[in-house]
Amino acid sequence: MFILELTYIAPLERIEAAHPEHVAWLDSNYESGVFIASGPKDPRDGAVIVAVGVDRTQIEDITRSDPYSVAGLAEYTVTNFLAMRTSPALEEYRHQPPPR
């Protein structure tokens with residue numbers, strides 16, 4: 001599981017102008033099953049995305065394809081973590097350690 005933190009590095013007017021393309025990019029990653037949650041930070045200086053099912057290299061490639069990244073509007077921090085506990089709704093994403 002990955003936490004993708006976007007930090008806006010451009011004025012919100014430029015972020016808003018690119019928002020439709022960013023939403024289409026989000027939609028495609030939801031459809032492929034990679035993204036399971038996303039939304040803006042409060043205060044609105046960026047956003048957070050929760051991603052699953054791929055390795056770090058693929059996640060970094062995905063973040064570079066975000067229209068915000070392509071246009072130089074946002075930077076990403078990628079954090080990989082092992083979800084050892086989850087709510088029942090997220091149980092399928094829980095980390096399964098190898099058998100001992």
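A short tour of the structure in this document, coming up. (Residues numbered from 1 in each chain as written. Predicted model: local features only at pLDDT ≥ 70, side-chain atom pairs only at ≥ 80, totals over all residues. Heavy atoms only, no water.)

## Topic: the overall build of the protein
Thinking step 1. The number of helices and strands found in the protein is three helices and four strands.
Thinking step 2. Structurally, the protein occupies a C-alpha span of about 50 × 25 × 20 Å along its principal axes.
Thinking step 3. Out of the 100 residues belonging to the protein, those deemed buried represent 32%.
Thinking step 4. The long-range share in the protein, meaning contacts at least 24 apart out of those at least 6 apart in sequence, stands at 66%.
Thinking step 5. When the accessible surface of the protein is split by element, carbon and sulfur atoms take 54% of a total near 6300 Å². (Helix = DSSP H or I, 4+ residues; strand = E, 2+ residues; numbered from the N terminus. Buried < 20%, exposed > 50% of the residue type's maximum accessible area, 1.4 Å probe, protein only. Contact = heavy atoms within 4.5 Å. Areas by Shrake-Rupley, 256 points an atom, 1.4 Å probe, with all protein chains shown as cover.)

## Section: the sheet that holds strand β4 (residues 74-80)
Thinking step 1. Taken in spatial order, the four strands of this open sheet run β2-β3-β1-β4, and their pairing is antiparallel. Two strands in the sheet have a free side with no partner beyond their single neighbour: β2 (35-40) and β4. Ignoring strand direction, the axes of neighbouring strands in this sheet form an average angle of 15°.
Thinking step 2. In this sheet, strand β3 (residues 46-51) lies alongside strand β1 (residues 2-8) in antiparallel orientation, the contact comprising six bridges. Bridge pairing in β3 places Glu5 opposite Val48. (Pairing = 2+ DSSP bridges. Axes fitted to C-alpha atoms, helices over the stretch in contact; angles between N-to-C directions.)

## Description of the pattern of salt bridges
Thinking step 1. Counted under the stated rule, the structure contains five salt bridges.
Thinking step 2. We note a salt bridge from Glu16 to Arg44, for which the minimum N-O separation is 2.6 Å. With a gap of 28 residues between them, Glu16 in helix α1 (residues 12-31) and Arg44 in the loop between β2 and β3 connect regions that are remote in the sequence.
Thinking step 3. Overall, the relative accessible area of 40% leaves Glu16 in the partly exposed class.
Thinking step 4. Using a relative accessible area of 35% as the deciding quantity, one classes Arg44 as partly exposed. (Salt bridge = Lys/Arg side-chain N within 4 Å of Asp/Glu carboxyl O.)

## Describing the nonpolar core
Thinking step 1. Within the largest apolar cluster, 21 residues are counted, with the highest numbers of intra-cluster contacts made by Leu4, Phe35, Ile49 and Tyr68.
Thinking step 2. For this core, the secondary-structure elements that each account for two or more residues are β1, α1, β3, α2 (56-65) and β4.
Thinking step 3. Once residues within four sequence positions are removed from consideration, Leu4 is found in contact with Phe35, Ala47, Val48, Ile49, Ala51, Ile59, Thr63, Tyr76, Thr77 and Val78. (Core = buried A, V, L, I, M, F, W, Y, C linked by side-chain atoms within 4.5 Å.)

## A closer look at the pairing of β2
Thinking step 1. In the sheet, β2 pairs with β3 via five bridges, with the strands oriented antiparallel. For Pro40, the partnering residue across the bridge sits in β3 and is Ala47.
Thinking step 2. Hairpin connection of β2 to β3: five residues between the antiparallel strands.

## Let's talk about the environment of Ala71
Thinking step 1. As for its placement among the helices and strands, Ala71 is situated in the loop between α3 (67-70) and β4.
Thinking step 2. Overall, Ala71 belongs to the partly exposed group, its relative accessible area being 41%.
Thinking step 3. Between the C-alpha atom of Ala71 and that of Arg14, which follows or precedes it by 57 residues, the distance is 9.5 Å.

In short, geometric facts, not functional conclusions.
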